[in-house]
Amino acid sequence: FFIMGVEQVDASNACIPPTHPLTFQALPLPTASRGETIFLDGEGGRLNDNDNKHAPLIMYAWGKLIVVREIELNNTKTTTACASSSHVGPSGAPSTSGFVYRGHSAPVTAAKFSPAGTYVASGDSKGKLRIWAWDHEEHLPKIELQILAGPIKDISWDFEGKRIVVIGDGCQSPENAKVVQWDTGVKCGDLSAHARKKGSSCAFRPCRPMRIATGGAEDATVLFHKGPPFQRVVGDGIVSEKCHERGAIHSLRYNKDGSVLASAGTDGSVCFYEGKDMKLIKKVEKVHKSSIFSCAWNRNGTHVLTCGADGFARLVDATSGEIVHEWDVALAQLGDENGRTKVPMGAMLLGCAFIKGDVPIAVGFNGQIVLLSVPSSIGLSSSAEVIDKSLVITGHQAPISAMTFGAPGANIIYTADTDGVIVEWDGLTGTPKGRVKNIGEEDLDLTGKVHAGATITSLAFSTESSKLYSAGWDDFIRISQGQNCVDKIKMEAQPNAMTCGTSLVVVMTVNGLVLVKDEVISELIRLPYTATAVCISKDDSMLYVSGDDCNIFIYTVSSSDSANPLSESHVIKGGHLKAVQSIALSHDGTKLAAADSRDVCVYSTTDYSTIISKGRWCFHTQRIACLTWSPDDSVLASGGNDDDIFLWNIQKKMRRIHYRFAHRGGITGLRFVGGNATDGSGDMMLVSAGNDGCLNFWDVKEDVNKKFK
C-alpha cells in the first residue's frame, strides 16, 4: 500500500537471517549485458574505509540481487570456510566474505553506498528506488519509491547524504532524471530530460556549491544543474554540453574534492570539466579505439581509470591528459604473455572502479573481476596497495544447477550453472580456483561455456579415474580432468541426471538410462516409466531409480552381461503420493532416503521396510531437489525449491532443524564436507548451492548437538 506516494515494503527475506550458522559465502559474479555498463561501487563510505577491520568492498548486481563482495588483495586466503574471518561484516559480526541483498523484485540496475557507508540506495529495471540500511544486521529498508517509469541506470548521493539523484529511461513520462530527499522522497528541483527521455549516467558534486551532471544515452550531451532547488544551467557561454561527438555518455564522475568532472562515452574520448562552472578543461581523444563504458577516479583525484570494448583498461593523468598505463585485461585472463590478435568472446570490459587501497579493478562481459597491478612509479597515492600481478576472481554469472565433490581429501568442489560453465573451488577456503575450459578454445572464448551455453543438469566425479563427468542440455556428456575438458560423448536423448559409484557412471535421460564405464557407452536402456532420479551404490552393484509413478525401482547391475546389464530386484510401492524428485543412499549403504515435493522418507536397504514414512517429515512446501547424509549417517539434510534447508535425525523423528531463506530461488546442491576435508573439520560442515549463484558453507555442529543429542 502507499502513503504519500511512498510504498511501504516488507523487510522479510531481504537477507539470510543472522541467526543461521552461515560461516562463508562464495558469491556470484556481476550480471552483464553486451554493450551495457556494469555498475560498480568500490567506495564503501566512511564506515568501511576508515579502519583495517573492514576488507575492501565492491558492490554490483546479480539479477535481482545486490552483491557486496570482500576483496582479498593478496589472493592468499588461508582462513578455512568454517573459521571466523579476521574482518568484520556490516553489523560488526564476523565476516562471511561478503553479503547478498535480496530486497528487489526486479533486476537491479544500479546501487551506491551513502557517503557515511551506513545506507545503500539501489534501483531496478522497473524504476523503483530502494534505500536500505547497510550497518543493520537485518538490513531494514528506509524507503521505497516508484521514481521513474523505466529502468534506473545510475544513482549518486550528495556529499551530505541527504539527497539522491537518479537517471534512467523515462519511457512515456516527462522525466528521465530526478533528485529527491533520501528519507522522504520529496523532489529537490526539476532536472532537464535528455533526447527520447533516455539518460545513462549522473554525478553529484561532493561539495558546495552543489551541482548535478546528467549524461544522455543517445544525444551525446552532458546537462548541468545547480541548486538546490536544482535547475538546468544554460546560456551563460561557459557551460560545455556537447563535447562528445556521438552516442551515449556512459559514465560521469566527480573527483574527491569536486574540482573536476570526467565524462566518457561511445566516441572513445574522455572529457574533463571544471567542477563548479562546468567549463571544458580538456578533451582527451581516442583513449580507446571503441566505446568507453565506465570511468573512475582514484582517491586523490589525480588519475582516471577507463575501460572499453577493446578489452583494455587505461589510466589517464587528469592534469596532462596522457595515458600513463594500460592493461590488456583479456590477456591477464588468458594467462598468456605472447599477446593476442583480437578481442576474445567475453573480454569486452563493461565496468571499472577503485577499491579501498586505491587498487583498480575491471569487469568484463564474462563477469570475471580482475584486480589490476599498478607500477609503483605512477604513484596513485601514498596509501595505495601494490599487487605484483593482476589477479582474476572467477565464479558463476548464472544460477548454479549442479554440484559435486572431487576425490576424498582433495578439498575440491565442482559447480556448474545454467550457462554451461563449470567452476573448480578450493573446498577448504571456499575460493574459486578457475573455470573448466575446452581444450583448444582458450584464446577464442573467455566465457568458459563448456556446454556451449546449455544448462548443465548434473555433475559426477569418478574417484577411480579422477575424471569429472558433466551432463548438459546440449545432449553431450563432457569429461574433464582438472580444469580442462578432454573428451565428450554424444547422447541419443537429453540427459537430466547422473550418478557415479566407483567406476560406473549412470546417466538418466528423458528416454531411459545409459551406462558409461571407461568412457565406453552402453546402448540406451528403455524403461516402462519416466525416470525422475537415480542413485548407485559405492561398489556399482545396486542401482536405485525413482519414477513418475511414485515408485522406486531397485536394480542389480551386472558387469558381465553387456546385453542386459540391469535386472530388477525389488520395487518400493506406496511410499509416496507424488513423484519422487531426489534419492540418496547412506554412506554405509543400509538406508535409502527419498523425497518428493512434500515428504522425505527413509527405507532400509536390507528388506526395504519403511523407517520414516510419508506424513512424518513433510515440512517442505515445494519440490525437494537434493538430499545428503552426514558422514556418520546420523543426520539427513534436504533442500528444496522453497529456499529452505531441513536437517533430520532418525533417532529423533519428531525434531527438525530449519534454515529459512537459505538460497533465493531454491537449493540445487547439498553435501556434507565430510572426508573431502583433510583436517577433519567437515563432519558437520554443510555446503549448499542454489539458484542465487551462491555457494554457502554452514557449520551446523552446534545446532545438531542442541537439537538431536
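Starting afresh in each chain, residues are numbered from 1 along the sequence in its written order. Local features in a predicted model are, by the rule used here, given only for residues with pLDDT of at least 70; side-chain atom pairs are given and counted only at 80 or more, and totals for whole chains, interfaces and linings are based on all residues. Based on all heavy atoms of the structure, the side-chain values leave hydrogens and waters out of the count.

Caption draft 1: Inspection of the packing of aromatic side chains at higher detail. Under the pairing criterion, centres of Phe, Tyr and Trp rings, with the six-membered ring standing for Trp, must be within 6.5 Å; the plane angle then separates stacked pairs below 30 degrees from edge-to-face pairs above 60, leaving the rest tilted. Overall, the coordinates contain 17 aromatic pairs when judged by the stated rule. Residues W157 and W182 carry aromatic rings whose centres are separated by 6.3 Å and whose planes lie at 45 degrees to one another, so their mutual orientation is tilted. Separated by 25 residues along the polypeptide, W157 in strand β11 (residues 152-157) and W182 in the loop between β13 (177-181) and β14 (199-204) bring together distant segments of the chain. Its relative accessible area of 17% is what places W182 among the buried residues. Secondary structure elements follow DSSP: runs of H or I of four or more residues count as helices, runs of E of two or more count as strands, with numbering from the N terminus. To sort residues, take the accessible area from a 1.4 Å probe on protein chains only and compare it with the maximum for the residue type: under 20% means buried, over 50% means exposed, and anything in between is partly exposed.

Caption draft 2: Structural detail: unusual backbone geometry. A cis geometry characterises the amide bond from G227 onward to P228, with omega recorded as -5 degrees. Tracing the chain through its elements places P228 in the loop between β16 (222-226) and β17 (231-232). In the Ramachandran plot, N411 falls in the positive-phi region, its phi being about 55 degrees despite a non-glycine side chain. Here N411 is to be found in the loop between β30 (400-405) and β31 (412-417). Judged by relative accessible area, which is 12%, N411 ranks as buried. Even without being glycine, E519 reaches a positive phi, approximately 65 degrees.

Caption draft 3: The arrangement of a positive patch on the surface in detail. Patches here: salt-bridge-free residues with over 30% relative accessible area, like charges joined within 9 Å, nonpolar side chains (Val, Leu, Ile, Met, Phe, Trp, Tyr) joined within 5 Å. For the accessible areas, the method is Shrake-Rupley and the probe is 1.4 Å, while residue cover comes only from the protein chains on display. Any carboxyl oxygen of Asp or Glu within 4 Å of a side-chain nitrogen of Lys or Arg constitutes a salt bridge here. Positive: Lys, Arg. Negative: Asp, Glu. His and the chain ends are not part of the count. Lys charges are placed at NZ, Arg charges at CZ, Asp charges at CG and Glu charges at CD. On the surface, K652, R655, R656 and K707 cluster together into a patch of positive charge. Locating R655 in the fold gives a position in the loop between β53 (645-649) and β54 (656-659).

Caption draft 4: Structural view of the nonpolar core. In terms of nonpolar packing, the biggest core is built from 31 residues, with L129, W134, I147, I155, I164 and V166 touching the most fellow members. A per-element tally of this core places strand β7 (residues 108-113) first, with 4 residues. Any pair of residues with heavy atoms lying within 4.5 Å of one another is described as a contacting pair. I164 has contacts with A121, L129, I131, I155, S156, W157, K178, V179, V180, W182 and F204, leaving out every residue within four places of it along the chain. In plain words, nonpolar cores are sets of buried Ala, Val, Leu, Ile, Met, Phe, Trp, Tyr and Cys residues tied together by side-chain atoms within 4.5 Å. Core analysis: the second largest hydrophobic core is formed by 29 residues, L29, L40, Y60 and I355 among them.

Caption draft 5: View of the sheet that holds strand β55 (residues 667-672). Read from one edge to the other, the open sheet built from 4 strands follows the order β3-β57-β56-β55, with strand pairing classed as antiparallel. Two strands close off the open sheet at either side, each with one partner strand: β3 (22-26) and β55. Taking each pair of neighbouring strands and ignoring which way they run, the sheet shows an average axis angle of 20 degrees. Here a strand pair is declared whenever DSSP counts at least two bridges between the two strands. Looking at chain direction, strand β56 (residues 685-690) and strand β57 (residues 695-699) are connected through 5 bridges and run antiparallel. Along β57, the bridge assignment pairs S688 with N696. To get an axis, a line is fitted to the C-alpha atoms, and for a helix only the part in contact is used. The angle between two axes follows their N-to-C directions and goes from 0 to 180 degrees.

Caption draft 6: Main features of the pattern of salt bridges. Tallying each qualifying case throughout the model produces 23 salt bridges. A salt bridge links E175 to K178, with the shortest nitrogen-to-oxygen separation between them at 3.7 Å. For E175, a relative accessible area of 17% corresponds to the buried category. Here E285 ties to K283 by a salt bridge, and the two come within 3.9 Å at their closest N and O atoms. For E285, a relative accessible area of 48% puts it in the partly exposed group. Where salt bridges share partners, they join D158, E160, R163 and R208 into one cluster.

Caption draft 7: Fine view of the confidence of the model for the chain. Averaged over all residues, the pLDDT of the chain equals 92, while 94% of them reach at least 70. pLDDT measures how confident the predictor is about each residue, on a scale from 0 to 100. Within the model, the stretch residues 1-6 combines pLDDT values under 50 with 10 contacts to residues more than four positions away or in other chains.

Caption draft 8: Here's a closer look at the pairing of strand β45 (residues 552-557). Burial within β45 is extensive, with 5 of its 6 residues counted as buried. Sheet topology note: the strand β44 (residues 542-547)/β45 ladder contains 5 bridges and is antiparallel. Bridge pairing links L543 to Y555 in β45. Joining the antiparallel neighbours β44 and β45 is a turn of 4 residues, in which C550 adopts a positive phi near 75 degrees. As paired strands, β45 and strand β46 (residues 566-572) are joined by 6 bridges and run antiparallel to one another. Across the sheet, residue V557 finds its bridge partner in β46, namely L566.

Caption draft 9: Focus on the environment of K286. Relative to the elements of secondary structure, K286 occurs in the loop between β21 (280-284) and β22 (292-297). The class for K286 is exposed, based on a relative accessible area of 70%. Separated by 277 residues in the primary sequence, K286 and A563 place their C-alpha atoms 68 Å from one another.

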